[in-house]
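# Analysis of the macromolecular model
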Amino acid sequence: QVQLVESGGGLVQAGGSLRLSCAASGRTFSTYRMGWFRQAPGKEREFVATISRAGGSTYYADSVKGRFTISRDYAKNTVYLQMNSLKPEDTAVYYCAASERFGNIVDFTTTQMYNYWGQGTQVTVSS
């Protein structure tokens, strides 16, 4: 089992940047594929980005491709989401997730593929 704690959210103006962190504790960090999701008020939780266990493969939602970067630091047991060129429509609660499952990378765009979730961190982008 793994515990996930997100941090780094906040209020930023459109065009600005934020870096979210997700610290993992418990089982070996490299055991898990990691992902970021977000949920805006009144909307379903949606996929943002995922990174493979070895860190060599990433996949992004079209809405964030070219602006967001997911990465992981094995020494710190942490996964990051660097968010640049933020837009008001990026406003949401951002969740970190860990998966013990295996499959095609596209499979990991769905919440059902993830076993563990953090508590979320709020990101608000003002226009």
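A brief report on the enclosed structure follows. Position numbers for residues count from 1 along each chain, tracking the sequence in the order it is written. The predicted origin of the model limits local features to residues at a pLDDT of at least 70 and limits the giving and counting of side-chain atom pairs to 80 or more, whereas totals for whole chains, interfaces and linings rest on all residues. Side-chain descriptors were evaluated using all non-hydrogen atoms of the structure, hydrogens and water having been removed beforehand.

Among buried residues, the Ala, Val, Leu, Ile, Met, Phe, Trp, Tyr and Cys ones that are joined through side-chain atoms within 4.5 Å form a nonpolar core. When accessible area is computed with a 1.4 Å probe and restricted to protein chains, residues below 20% of their type maximum are described as buried, those above 50% as exposed, and intermediate ones as partly exposed. Ranked by size, the top nonpolar core spans 36 residues in total, and within it Leu-4, Met-34, Trp-36, Val-79, Leu-81, Met-83 and Tyr-94 carry the most contacts. Contributing elements (two or more residues each) for this core: β1 (2-7), β3 (18-26), β4 (33-39), β5 (46-51), β7 (68-73), β8 (78-83), β9 (92-99) and β11 (121-126). Runs of E in the DSSP output that reach at least two residues are strands. Runs of H or I that reach at least four are helices, and both are numbered from the N terminus. No other element matches β9, which puts 5 residues into this core.

Summarising the element assignment, Thr-121 is placed in strand β11. Nitrogen and oxygen atoms within 3.5 Å of one another constitute a polar contact, given that in protein one can donate a hydrogen and the other can accept it, and given that sequence-neighbouring residues count only through two side-chain atoms. A distance of 3.2 Å separates a polar atom in the side chain of Thr-121 from the backbone nitrogen of Gly-9. Two residues form a contact once any of their heavy atoms are found within 4.5 Å. Beyond its immediate chain neighbours, meaning those up to four positions away, Thr-121 contacts Glu-6, Ser-7, Gly-8, Gly-9, Leu-20, Ala-92, Val-93 and Tyr-94.

Quick look at the sheet that holds β1 now. Between any two strands, at least two bridges found by DSSP are needed for them to pair. The 4 strands are arranged β1-β3-β8-β7 in an open sheet whose pairing can be described as antiparallel. The strands lining the two open edges of the sheet, one partner per strand, are β1 and β7. If you compare each strand with its neighbour and ignore which way they point, the axes differ by 15° on average. Note: β1 against β3, 6 bridges, orientation antiparallel. Each residue of the ladder has a partner; that of Val-2, found in β3, is Gly-26. Fitting a line to C-alpha atoms yields each axis, with helices limited to the stretch in contact; the angle taken between N-to-C directions then spans 0 to 180 degrees.

Without other data, these values stay purely geometric and don't point to any function.
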